[in-house]
Amino acid sequence: MKEEYKAPNVQLLYDIANKLRIDSVKATDASKSGHPTSCASMAEAMSVLFFHVMRYKLSSPKDPSNDRFVLSKGHAAPILYAAWAEAGLFPLSDLQNLRKIDSDLEGHPTPRLNFVDVGTGSLGQGLSVACGMAYVGKYFDKASYRVYCLIGDGESAEGSIWEALHFASYYKLDNLCVIFDVNRLGQSEPTSLQHNMNIYQKRLDAFGWHAIVVDGHSVEELCKAFHDASSTQTKPTAIIAKTFKGRNFPNIEDVENWHGKPLGDKSEEVIQFLKSQIKNKGPLQVAPQKPLKEDAPVVDISNVKLSTPPNYKSGENVATRFAYGTALAKIAANNDRVIALDGDTKNSTYSDKLKKAFPDRYIECFIAEQNLVGVAVGATCRDRTIAFVSTFATFFTRAFDQIRMGAISQTNVNFVGSHCGVSIGEDGPSQMGLEDIALFRSIPGSTVFYPSDAVSTERAVELAANTKGICFIRTSRPNTPILYKNDEILQIGKAKILKKSANDKVLVIGAGVTLHEAIAAASELSKHSINIRVLDPFTVKPIDSEAIIANAKECGGRILTVEDHYPEGGLGEAVLSAVAEEKNITVKKLAVKEVPRSGPPSVLLEKYGISAKNIVNAVKQLV
């Protein structure tokens, strides 16, 4: 039954909006930087949301049953901080520490703050994150909490916004409400649509949203729109708010060239005007919140294990991408919060193995990789799920910004990139992941797994599920032989020696297909009385520096790295970093040094210098 609309204390909400404006002006003045005009346009929306609509525990801002709020236009952080301070979470005086080196009230929000779920500020990403939160709320938690996301009109030009709009309507996320702050002005000039509200509404209608155009400075219209959103079923709601940048700032409102500037000598005039608009003198009596329904289930995502150990026969040929799917289904059987997300490549990455076993825990994100990553980041917020995101390794490059922001957001998403390198064969260079190790190595706090057989792949999946921060597992297309016993213990940052003798001349380090090429090269070289030691790093980050240095010294200080990746940022450079401060160690790198072409895998390995034959020749040169 539709809940009856009850009018709030309208004047109180107007007063709070103007108080939030004053707080934003003072904070940005104190820091001598920031975006007060961008805060001013959304003041009524923030007042209505935080002091009338949203349900949350002030004592526990990240309680799983709380409503969620994502500030996609992260440069308006001062008004978000002001809302929480006015609500009573921390002293208003703390707002004067905005952007200071020892303050967590940074220029854009990050989860260093206990009321922020994700870092925002790289524009166009907040809605994907909100979609992930809403999907979990509706389909996994089956809880009452709602998700709100405030988006700037400038950032709505980002394609990731439209990917997310499609996702939300496709999955009928009626627990999601988006506010478009259409204040007309971008950073350097007016936005493309300015105040053409009709076009915004038509586009959102066409994307399957319940779209409502409101005067974004009318508390009454905003309250009614949020009430309408709360009772709308099977569709997400978009409140398209016509606003003005610098609202209630005399001689600044709706004027260009005020983006990202504190008001300076205009501040006193503006603050006095804002104070004159506040009707309730003295401390503001915040309206009582709507009751919070505490129905989000208790979740445990710790100590995840494979339901059964690896079970392979020596000499069996299994692709690591196939083993990934096997392991994913196994850990999902062990913990009902393990989920898989994919971009329409599930029958190639083998994430479909989880879908077949637990169809309600698979999220198809279709061919929209930026949104795919953003949804996963949202799904893992507040430790609600363990997310594994898979696609071809090369396609993660188009979502690098989302992955980078995931690290700022302290996310624990696991990425799995299949079809790496020239070994995929005839599909050609557009499908070959040749930059992915460099990408994920560059992410702060990341762990980069590069398993070389099915056993180590299963263990990599198990380890990733229990590892904080961003994890990347690189899987290969070709079938490769089993290298390890089923009970082999594999650890992050610990290498394995696969071939060794007392008089090894070169330490050869490979991973994935090149490790198998190295083993083949070792057999060939032994016919010529040249012994090499073969090392499997298992993780490229962290790399086992200790094992590499110790084994290199036993091999006369000679190292050869072989990788199905471009030379920049890959395995070879990880090894070079590991031995950089060691004397008398030489590193020679074999890698794919040019844009490759289509062809059979074995021919490509040969042509681009990373086959067993190439390894044999390189070793002979070194010795």
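Residues numbered from 1 in each chain as written. Predicted model: local features only at pLDDT ≥ 70, side-chain atom pairs only at ≥ 80, totals over all residues. Heavy atoms only, no water.

## Notes on helix α16 (residues 454-465)
For α16, which comprises twelve residues, the first-to-last C-alpha distance of 17 Å matches the rise-based estimate of 16 Å (1.5 Å per residue) to within 8%. Of all the residues in α16, the buried ones are Ala454, Val455, Ser456, Thr457, Glu458, Arg459, Ala460, Val461, Glu462, Ala464 and Ala465. Looking at the buried positions of α16, the neighbouring elements they touch are β6 (317-319), α10 (320-334), β9 (386-392), β10 (414-418), β11 (447-449) and β12 (471-474). (Helix = DSSP H or I, 4+ residues; strand = E, 2+ residues; numbered from the N terminus. Expected span 1.5 Å × (residues − 1). Buried < 20%, exposed > 50% of the residue type's maximum accessible area, 1.4 Å probe, protein only. Contact = heavy atoms within 4.5 Å.)

## Quick word on the packing of aromatic side chains
The final tally for this structure, using the stated rule, is 25 aromatic pairs. Seen from their ring centres, Phe392 and Phe395 are 5.4 Å apart, and the 5 degrees between their planes marks the pair as stacked. In this structure Phe392 comes out as buried when scored by relative accessible area, which is 9%. Seen from their ring centres, Phe396 and Phe440 are 5.8 Å apart, and the 90 degrees between their planes marks the pair as edge-to-face. One end of the pair, Phe396, is in the loop between β9 and α14 (400-408); the other, Phe440, is in helix α15 (residues 436-441), with 44 residues separating them in the sequence. A relative accessible area of 0% places Phe440 in the buried class. An aromatic cluster of at least three residues, connected via ring pairs, comprises Phe50, Tyr56, Phe69, Tyr81, Trp84, Phe90 and Phe115. A cation sits over an aromatic face here: Arg68 above Tyr145, 3.6 Å from the ring centre. Cation over ring: Arg361 sits above Phe358, and NZ or CZ is 4.1 Å from the ring centre. (Phe/Tyr/Trp six-rings, centres within 6.5 Å; stacked < 30°, edge-to-face > 60°. Lys NZ or Arg CZ within 6 Å of the ring centre and 35° of its normal.)

## A closer look at helix α8 (residues 219-230)
Over its twelve residues, α8 extends 17 Å from the first C-alpha to the last, a length consistent with the 16 Å expected when each residue adds 1.5 Å. Every buried residue of α8 is accounted for by Val219, Leu222, Cys223, Ala225, Phe226, His227 and Ala229. Where α8 is buried, its residues contact α1 (10-31), α3 (43-53), β2 (147-152), β3 (176-182), β4 (210-215) and β5 (237-242).

## Describing the pairing of β4
In terms of strand pairing, β4 meets β5 through six bridges, oriented parallel. The residue of β5 that forms the bridge with Val213 is Ile240. Read as a crossover between parallel neighbours, the route from β4 over α8 to β5 is right-handed. (Pairing = 2+ DSSP bridges. Right-handed = clockwise from strand over helix to strand, strands pointing away.)

## Side note on the domain arrangement of the protein
Partitioning the protein into structural domains gives domain 1 (18-277), domain 2 (316-482) and domain 3 (496-622). Taken together, the 32 residues of domain 1 in the interface contact 29 residues of domain 2. For the domain 1 face of the interface with domain 2, the top three residues by lost area are Gln125, Phe140 and Glu163, together amounting to 23%. Linking domain 1 with domain 2 are three salt bridges. (Domains from an automatic or database assignment. Buried area = accessible area lost by both parts, 1.4 Å probe. Salt bridge = Lys/Arg side-chain N within 4 Å of Asp/Glu carboxyl O.)

## Some thoughts on the pattern of salt bridges
If you walk through the whole model with that rule in mind, you get 28 salt bridges. One salt bridge connects Glu253 with Arg247, and the closest N-O pair in it is separated by 3.0 Å. Between Asp436 and Arg474 there is a salt bridge, with its nearest N and O atoms 2.6 Å apart. With Asp436 in helix α15 and Arg474 in strand β12, this pair connects stretches of sequence that are 38 residues apart. The burial state of Asp436 is the same as that of Arg474; both residues are buried. Because the salt bridges share partners, they merge into one network encompassing Lys19, Asp23 and Glu86.

## Digging into the packing of helix α17 (residues 513-526) against helix α21 (residues 612-622)
In contact at an axis separation of 8 Å, α17 and α21 are set at 60 degrees when each is read in the N-to-C sense. When the interaxial angle is binned, α17 and α21 end up oblique. The two elements α17 and α21 cross, and the hand of that crossing is right-handed. Where α17 abuts α21, its residues Thr514, Glu517, Ala518, Ala520, Ala521, Glu524 and Leu525 lie against Ala612, Ile615, Val616, Val619 and Lys620. Partitioned by chemical class, the residues of the contact of α17 with α21 number eight nonpolar, one polar and three charged. (Axes fitted to C-alpha atoms, helices over the stretch in contact; angles between N-to-C directions. Parallel < 35°, antiparallel > 145°, perpendicular 65-115°, else oblique. Left-handed = near helix turned anticlockwise from the far one by under 90°. Nonpolar A, V, L, I, M, F, W, Y, C, P; charged D, E, K, R; others polar.)

## Digging into the sheet that holds β3
Taken together, five strands build an open sheet; the order of strands is β1-β2-β3-β5-β4 and the sheet is parallel. The outermost strands of the open sheet, each flanked by one partner alone, are β1 (68-71) and β4. If you compare each strand with its neighbour and ignore which way they point, the axes differ by 20 degrees on average. Pairing of β1 with β2 involves four bridges; the strand directions are parallel. Pairing of Arg68 across the sheet is with Val147, part of β2. Against the sheet, helix α7 (residues 197-206) makes contact with β3, β4 and β5, and its axis sits at roughly 175 degrees relative to β5, the strand it touches most.

## What to know about the UniProt feature "domain: Transketolase-like pyrimidine-binding" (unreviewed entry) in the protein
UniProt feature "domain: Transketolase-like pyrimidine-binding" (unreviewed entry): in the numbering of this structure it lies at residues 318-482. Regarding residues 318-482, the helix share stands at 39% and the strand share at 19%, and the terminal C-alpha atoms are separated by 7 Å. (UniProt positions renumbered as here; feature names shortened; annotations may be inferred.)

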